[in-house]
Each structure stands twice: as structure tokens, then as C-alpha cells.
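# Residue-level structural notes
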Amino acid sequence: MRIVFLESFYGGSHKNFLDGLVKYSRHQIEPITLPARFWKWRLRASALYFAEQYAKSVKKYDLLIATDMLNLAEFKALSNYDRPMVMFFHENQLTYPLPERESFDPHFGLINIVSALAADLNLFNSIFSARTIQRRIAGICQPDSGIRAAGSTGYHSPQEPGDLHGLRFQRFQERKASEKRRAGDLMEPPVGIR
């Protein structure tokens, strides 16, 4: 499988994860990255940059993976990308601890929510991360908003022994790509987004 991985914050754990995934995956993974700086600008504008620079070239891949520092919904709209997409959450802006004297900006959390809605599969670095974002979303969105039907969820455990340095993904539930939701119908909420 040919995979393109968009990483707008290539540093720290994001860099370590992507480098390990490229090294140990049996699939061909092409990383497209930006340096790890100006995280707020990366979250707000990297989708525009990636769409302008790579909209045509990413269409040759079977799958696109992006991390939580990219607005996946904007990228999808701007690039007309129509193949399967995975969103990997290293962290999320709904539950990320704030530095002293900084107040919560819901805009960044909403980017994570619309990205989760745009993805076919949402993966989290831990069950804790999946559950905390789920609780925050429930406090923001109406129960009938459809957010619970956004893709499927799974988690990646970097601490699990024997899993190729933490690169084995565990999937709890997959949404079939060909399955179409009818207006007003909600799928069974995926594990981790209930």
C-alpha cells in the first residue's frame, strides 16, 4: 500500500512516531513535513499550504495519514482528496494542558473536531486520550450532532511489549469505505467516541 503522511509539526514525539512508522512499516510511506515551530500557525494554516503544494501529488497514494496539527477537513476540501484518510491524535487541543496565564481557545479544539469528522479512521496514542477527547466533545456538541458517528477509532500503545517499538495499531472498529450513511441515520457509535 502506498501511504502519504502529512505532518505539519515534525519534531519531538511527532517526528519519532513518523520516523519509526516509516522504518518499520511494510507499506511504502512518503512523509511530507513542516518543521516543528509556530504550532498555532501550523494548526490554522498548514492545510492550505499542503493543498497548494501537494494537492495533485497526494492523489497517487492509496491512503493519507495526518496528525492532529492539521485541519484535515480543510485539506480535504481544498485538495479534493477523495481517498481514505486517517487522523492520528498525538494529543488534542480540547484537553491539552494550558500554560499559566493562557486561556482556552475553543477554535483549536474545533479544528480537531472537524478533522475527526473528516477522517475515515481516528487513531489515538492511548485509550486515555481517546476517552478525554470523547468527554470534551460530549460537553461541546449536542447529542444528535452526528459527531459520534465520525469515522472509527483505535489506539496505538507505545508501551505495549513486542509491538515493533509501539507501531502496531489496534483497531476497535472500522467503517467500511463503501458504506454510505443516509441523512438522519447514525451508525453505531465507534468505540472511544461513545
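Above this text you will find the structure in question.
Now for a quick tour of the structure. (Residues numbered from 1 in each chain as written. Predicted model: local features only at pLDDT ≥ 70, side-chain atom pairs only at ≥ 80, totals over all residues. Heavy atoms only, no water.)

### Some remarks on the overall build of the chain
A count of helical and extended segments in the chain gives five helices and seven strands. Secondary structure elements in the chain, listed N-terminal to C-terminal, are β-α-β-α-β-α-β-α-β-α-β-β. Residues counted as buried form 45% of the 194 residues belonging to the chain. Looking at the chain alone, contacts between residues at least 24 apart form 67% of all its contacts between residues at least 6 apart. (Helix = DSSP H or I, 4+ residues; strand = E, 2+ residues; numbered from the N terminus. Buried < 20%, exposed > 50% of the residue type's maximum accessible area, 1.4 Å probe, protein only. Contact = heavy atoms within 4.5 Å.)

### Concerning the pairing of strand β5 (residues 121–124)
Each regular strand carries side chains that alternate between the two faces of the sheet. Side chains of β5 alternate between two faces, with L121 and L123 and N122 and F124 buried alike. Note that strand β4 (residues 85–89) and β5 share four bridges and pair parallel. Across the sheet, residue F88 finds its bridge partner in β5, namely L123. In the classification by handedness, the crossover that spans β4, the intervening helix α4 (residues 106–118) and the parallel β5 is right-handed. (Pairing = 2+ DSSP bridges. Right-handed = clockwise from strand over helix to strand, strands pointing away.)

### A look at the packing of helix α2 (residues 39–54) against helix α3 (residues 72–79)
Relative to each other, α2 and α3 sit at 25°, their axes nearing to 8 Å. Put simply, α2 runs roughly parallel to α3. By crossing handedness, the relation of α2 to α3 is classed as right-handed. Of the residues in α3, those in contact with R44, A47, L48, F50 and A51 of α2 are E74, F75, L78 and S79. Of the residues belonging to the contact of α2 with α3, the class tally is six nonpolar, one polar and two charged. (Axes fitted to C-alpha atoms, helices over the stretch in contact; angles between N-to-C directions. Parallel < 35°, antiparallel > 145°, perpendicular 65-115°, else oblique. Left-handed = near helix turned anticlockwise from the far one by under 90°. Nonpolar A, V, L, I, M, F, W, Y, C, P; charged D, E, K, R; others polar.)

### A few points about unusual backbone geometry
In the Ramachandran plot, F38 falls in the positive-phi region, its phi being about 55° despite a non-glycine side chain. Tracing the sequence through the fold places F38 in the loop between β2 (28–35) and α2. Even without a glycine there, the phi angle at R101 is positive, about 65°. Mapped onto the secondary structure, R101 falls in the loop between β4 and α4. A relative accessible area of 85% places R101 in the exposed class.

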